Amino acid sequence: MANSSIRQSRAVRRIVRGQAVSDGAGVKLNRIIGQRDFDMLDPFLMLDEFRSDRAGDYLAGFPDHPHRGFETVTYMLAGRMRHADNQGNQGLLGPGSVQWMTAGRGIVHSEMPEQEDGLMWGFQLWVNLPARDKMTAPRYQDIAGESIPQVEPASGVSLRVIAGRFGDLHGPVNGIATDPLYLDLSLAAGTAIDIPLAAGHNAFAYVYEGSAMIGPSSQSRDVARGELAVLEPGEHVHVSAGSAGGRLILVAGKPLAEPVAKHGPFVMNTPEQIVEAIRDFQSGRF
């Protein structure tokens, strides 16, 4: 019998490349989760990377649009984006900041660039809500970059904890049903790190700069910039930097294993609930 005390290292199940899409009022994005070849990774419904220093790619932004039944997570690396909604809430996302929005029963909001030139770079992740929480009241967690804890667990390795825990550090995002881990990793060439992960959680790593080798030494896979590694089950993942170093986000969450009905900005459990969401939005009940 195998020794159950041995921690299983996660290998890479598959590598996914994003697809170029246009969303909002014409913003150019790289869609990794939520595309034709990779629809979702329970509980994660979508992952977009937006990255451009050409104003025409992002200036039109995301004017007023609704959401119901899930959470949107915006993490900014560069640039400034202003959020506003139909409840009177406003917030400005700058470099290094994050907004975790629980749309719940419904919200109408906009996300518009607060700049006319320069680099706009970041991610938006959609996280499903369990059936019991889909009609909860909307909630925001707007977190400034300086409030996100950062540590250097080894020479040449830097890590930011947005959600979840790494060692004694706890991310500022809290009260999320899927118990997520969201880390931003930066590794210099020749460095490596092991990251603990909850055994039952689905997880992925997305390399946004340089490259990284991911997985145990016998099964390590080279993951390049713009590629997402879907991880096998296990209790930790080994990440080492490529020859020029690497930067990546590592995300994990508890799968819900519930039916999913999706229609644009609405994510519910049944087609009937989608029809109800559309009717409620058209009737001004958001």
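Above this text is the structure in question.
Residues numbered from 1 in each chain as written. Predicted model: local features only at pLDDT ≥ 70, side-chain atom pairs only at ≥ 80, totals over all residues. Heavy atoms only, no water.

## Points about the overall build of the protein chain
Looking only at helices and strands, one finds one helix and 24 strands in the protein chain. Dimensions along the principal axes, computed over C-alpha positions, put the protein chain at roughly 60 × 50 × 35 Å. Counting all 286 residues of the protein chain, 53% fall into the buried class. Residue pairs at least 24 apart in sequence account for 72% of intrachain contacts in the protein chain once pairs closer than 6 positions are excluded. Summed over all atoms, the accessible surface of the protein chain reaches about 12400 Å², with 48% contributed by carbon and sulfur. (Helix = DSSP H or I, 4+ residues; strand = E, 2+ residues; numbered from the N terminus. Buried < 20%, exposed > 50% of the residue type's maximum accessible area, 1.4 Å probe, protein only. Contact = heavy atoms within 4.5 Å. Areas by Shrake-Rupley, 256 points an atom, 1.4 Å probe, with all protein chains shown as cover.)

## Considerations on the layout of surface pockets
Gaps between atoms show up when a probe of the same size as a water molecule is rolled over them. Of the voids in this model, the largest pocket is the one considered here, and its volume is about 450 Å³. Mapped by element, the contributors of at least two residues to the lining of the largest pocket are strand S3 (27-33), strand S4 (44-52), strand S5 (62-67), strand S11 (120-128) and strand S23 (261-263). If you add up the space inside the second largest pocket, you get close to 340 Å³. Lining the second largest pocket are 17 residues, and of these Gly 164, Arg 165, Asp 179, Pro 180 and Leu 181 sit closest to its centre. Across the lining of the second largest pocket, the residue classes break down as ten nonpolar, five polar and two charged. (1 Å grid on protein atoms, 1.4 Å probe; cavity = no way out; pocket = protein on both sides within 12 Å on 5 of 7 lines; lining within 4 Å. Points joined across faces, edges and corners; volume = space filled by probe spheres on them. Nonpolar A, V, L, I, M, F, W, Y, C, P; charged D, E, K, R; others polar.)

## Section: empty space enclosed by the protein
Within the structure shown, the criterion is met by one cavity of 30 Å³ or more. A volume near 40 Å³ is recorded for the largest cavity. Considering the residues around the largest cavity, the lining is formed by Val 27, Leu 29, Phe 50, Tyr 58, Gly 61, Phe 62, Met 81, Pro 113 and Met 120.

## Quick look at the pattern of salt bridges
As enumerated under the stated definition, the model contains 14 salt bridges in all. A salt bridge links Lys 262 to Asp 39; its shortest N-O distance comes to 3.0 Å. In this pair, Lys 262 is assigned in strand S23 and Asp 39 in the loop between S3 and S4, connecting sequence segments 223 residues apart. The class of Lys 262 is partly exposed, set by a relative accessible area of 37%. Look at Asp 39 and you get partly exposed, because its relative accessible area is 41%. Arg 225 is paired through a salt bridge with Glu 49; the nearest N and O atoms lie 3.2 Å apart. (Salt bridge = Lys/Arg side-chain N within 4 Å of Asp/Glu carboxyl O.)

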